[in-house]
Amino acid sequence: MANYETCRQCGHKLEGDDIAIYRKLVLRCADEFLCIDCLAEYLGVSRAAIEAKIRYYRESGTCLLFR
């Protein structure tokens, strides 16, 4: 069953950016997600790096996930 409300690892409430960046970087058709902190840990990068990617995609206007 799909879970669009909470992080599958820590249970944190998900926001739109959490879902969008997970779909962009991990699996486009995902129906379970990681919050930004857990995603950063999973990918071995900093939270700031994930937030920078979110800003980039939003400002570029080319990614439908961030419109």
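J.: So what exactly am I meant to see when it comes to the packing of helix H2 (residues 36–43) against helix H3 (residues 47–60) here?
T.: The packing of two helices is summarised by the inter-axis angle and the distance between the axes. At a minimum axis distance of 8 Å, the contact between H2 and H3 shows a crossing angle of 110°. With respect to each other, H2 and H3 are oriented roughly perpendicular. Where H2 approaches H3, its residues Ile 36, Asp 37, Leu 39, Ala 40 and Leu 43 are matched on the opposing element by Arg 47, Ile 50 and Ile 54. Each residue belonging to the contact of H2 with H3 can be placed in one class, and the counts come to six nonpolar, no polar and two charged.

J.: How should I be thinking about the pattern of salt bridges in this particular structure?
T.: A side chain of one charge can pair with a side chain of the opposite charge if their charged atoms are brought near each other. Taken as a whole, this structure holds three salt bridges when the rule is applied. Measuring nitrogen to oxygen at the nearest pair gives 2.5 Å for the salt bridge that ties Asp 17 to Arg 58. Of this pair, Asp 17 sits in helix H1 (residues 16–25) while Arg 58 sits in helix H3; the two residues are 41 residues apart in sequence, bridging distant segments of the chain. Taking the relative accessible area as the measure of exposure, Asp 17 reaches 26% and is therefore partly exposed. Residue class for Arg 58 comes out partly exposed when judged on its relative accessible area of 41%. Between Asp 37 and Arg 47 there is a salt bridge; the shortest N-O distance is 2.9 Å. On the criterion of sequence distance, the pair formed by Asp 37 in helix H2 and Arg 47 in helix H3 is long-range, its members being ten residues apart. Given a relative accessible area of 44%, Asp 37 falls into the partly exposed group. By sharing partners, the salt bridges in this structure join Asp 37, Arg 47 and Glu 51 into a single network.

About the thresholds
- Residues numbered from 1 in each chain as written.
- Predicted model: local features only at pLDDT ≥ 70, side-chain atom pairs only at ≥ 80, totals over all residues.
- Heavy atoms only, no water.
- Axes fitted to C-alpha atoms, helices over the stretch in contact; angles between N-to-C directions.
- Helix = DSSP H or I, 4+ residues; strand = E, 2+ residues; numbered from the N terminus.
- Parallel < 35°, antiparallel > 145°, perpendicular 65-115°, else oblique.
- Contact = heavy atoms within 4.5 Å.
- Nonpolar A, V, L, I, M, F, W, Y, C, P; charged D, E, K, R; others polar.
- Salt bridge = Lys/Arg side-chain N within 4 Å of Asp/Glu carboxyl O.
- Buried < 20%, exposed > 50% of the residue type's maximum accessible area, 1.4 Å probe, protein only.

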